[in-house]
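# Fold and contact review
Here are the chains, one letter per residue:
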Amino acid sequence: MPVDRKAQFNRITIVGAGACTSEEIRQAAAVAPTMIGADGGAARILEEGLTPALAIGDFDSIPDRTRSALARSQLLKIEEQETTDFDKCVRSCEAGLVVGVGVLSPGIDHGLAALNVLFKYRWRKIVLLKAPDVCLLCPPDIRLELPVGSRLSLFPLAPVCGSSVGLEWPIDDVELSPHGRVGTSNRVSAERVRLRFAQPGALLILSHRFLHQAVAGLVKASGWTQ
């Protein structure tokens, strides 16, 4: 597949080579069934008895047996070393929803790089899954249905201002900033939560048990402009 031609999908799960469980892969596949392997993550997909639509990356970690098991049309090699394999997957695929699994590890650097992808491609609808959490970049306006008392954290990658309905500690008239106030361990006070932000940059972190709720809210929300 030519690098300058994006693959078109509805919903995709990108599986990285980092640590992830069978449960996480199956949970992601339930909401985003098309599987994309981020380099060595293609081997992890095959281990689960699933077939990757594509394997994308610089191919420095994909096993030879995995490459042999895939057709040439399923392999998209991007040799540059300036970006992560997860980044390569996101920019190479057009999809209405992206769920990332095994991309927040093996180290803090990989995790931070994956979070950077959320902000870098803020107009895309991307959710990261790693038990015990699910994480996404808040769109301008998102509505969620969550159990009262559940944990909801907001962490700013950049200074942001917003408003909330259904949180025990509202964020109205509060600036969240990476060098100031953050919103960790807030709690849901009503079954219907609404979050609005004037700027992109707020990470929303929920329990991984609420992946379906996070996806439902994100796909219905309007996104940031490119």
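Before any of the text, the structure's been laid out above.
What this report covers is the structure whose coordinates are included nearby. (Residues numbered from 1 in each chain as written. Predicted model: local features only at pLDDT ≥ 70, side-chain atom pairs only at ≥ 80, totals over all residues. Heavy atoms only, no water.)

Residue position: Ser-153 is located in strand β11 (residues 151-156). A polar contact of 2.7 Å, which involves the side chain of Ser-153, links it to the backbone nitrogen of Ser-185. Those residues in contact with Ser-153 that sit more than four places away from it in its chain are Gly-183, Thr-184, Ser-185, Asn-186, Leu-203, Leu-204 and Ile-205. (Helix = DSSP H or I, 4+ residues; strand = E, 2+ residues; numbered from the N terminus. Polar contact = N/O pair within 3.5 Å; in protein donor to acceptor, adjacent residues only side chain to side chain. Contact = heavy atoms within 4.5 Å.)

Glancing now at the environment of Leu-50. Take Leu-50: it is sitting in the loop between α2 (41-47) and β4 (54-57). Once the C-alpha coordinates of Leu-50 and Ala-29 are considered, the two residues, 21 residues apart in sequence, prove to be 9.8 Å apart. Beyond its immediate chain neighbours, meaning those up to four positions away, Leu-50 contacts Ile-25, Arg-26, Met-35 and Ile-45.

Look at the link from Ser-105 to Pro-106: it is a cis peptide, with omega at 20 degrees. Residue position: Pro-106 is located in the loop between β7 (97-101) and α5 (108-120). For the bond running from Ala-131 to Pro-132, omega is 15 degrees, close enough to zero to count as cis. Look at Asp-39: it is not a glycine, yet its phi comes out positive at around 55 degrees. Assignment of secondary structure puts Asp-39 in the loop between β3 (34-38) and α2. Phi is positive for Asp-173, close to 60 degrees, though the residue is something other than glycine. Tracing the backbone shows Asp-173 in the loop between β12 (160-165) and β13 (175-176).

Next up on the list: the sheet that holds strand β8 (residues 126-130). Strand order in the open sheet made by the ten strands is β5-β4-β3-β2-β7-β8-β9-β16-β11-β14, with mixed pairing throughout. The strands lining the two open edges of the sheet, one partner per strand, are β5 (75-77) and β14 (183-187). Taking each pair of neighbouring strands and ignoring which way they run, the sheet shows an average axis angle of 20 degrees. Across four bridges, strand β2 (residues 11-15) lies against β3 in parallel orientation. (Pairing = 2+ DSSP bridges. Axes fitted to C-alpha atoms, helices over the stretch in contact; angles between N-to-C directions.)

The subject of this paragraph is the packing of helix α4 (residues 85-92) against α5. As a packed pair, α4 and α5 sit with axes 9 Å apart at the nearest point and diverge in direction by 25 degrees. The angle between α4 and α5 places the two elements in the roughly parallel class. When the axes of α4 and α5 are compared, the crossing they make is right-handed. Residue-level contacts link Phe-86, Asp-87 and Val-90 of α4 to Ala-114, Val-117 and Lys-120 of α5. Looking at side-chain class alone, the contact of α4 with α5 contains four nonpolar, no polar and two charged residues. (Parallel < 35°, antiparallel > 145°, perpendicular 65-115°, else oblique. Left-handed = near helix turned anticlockwise from the far one by under 90°. Nonpolar A, V, L, I, M, F, W, Y, C, P; charged D, E, K, R; others polar.)

With that settled, consider helix α1 (residues 22-31). Within the span of α1, buried status applies to Glu-24, Ile-25, Gln-27, Ala-28, Ala-29 and Val-31. Elements that come into contact with the buried residues of α1 comprise β2, β3, α2, β7, β8 and α6 (211-220). (Buried < 20%, exposed > 50% of the residue type's maximum accessible area, 1.4 Å probe, protein only.)

Between α1 and α6, the least distance of the axes is 10 Å, while the angle of their chain directions is 30 degrees. Considering how the two elements wind past one another, α1 and α6 form a crossing that is right-handed. In contact with Gln-27, Ala-28, Ala-30 and Val-31 of α1, α6 contributes Leu-211, His-212 and Val-215.

Attention now goes to the pairing of β3. With four of five residues buried, β3 lies mostly within the body of the structure. Where β3 lies against β4, three bridges are found, and the strand directions are parallel. Counted as the bridge partner of Ala-38 is Ile-56 from β4. One crossover worth recording links β3 to the parallel β4 by way of α2, and it is right-handed. (Right-handed = clockwise from strand over helix to strand, strands pointing away.)

Geometric descriptors of this kind do not, in isolation, establish any biological role.
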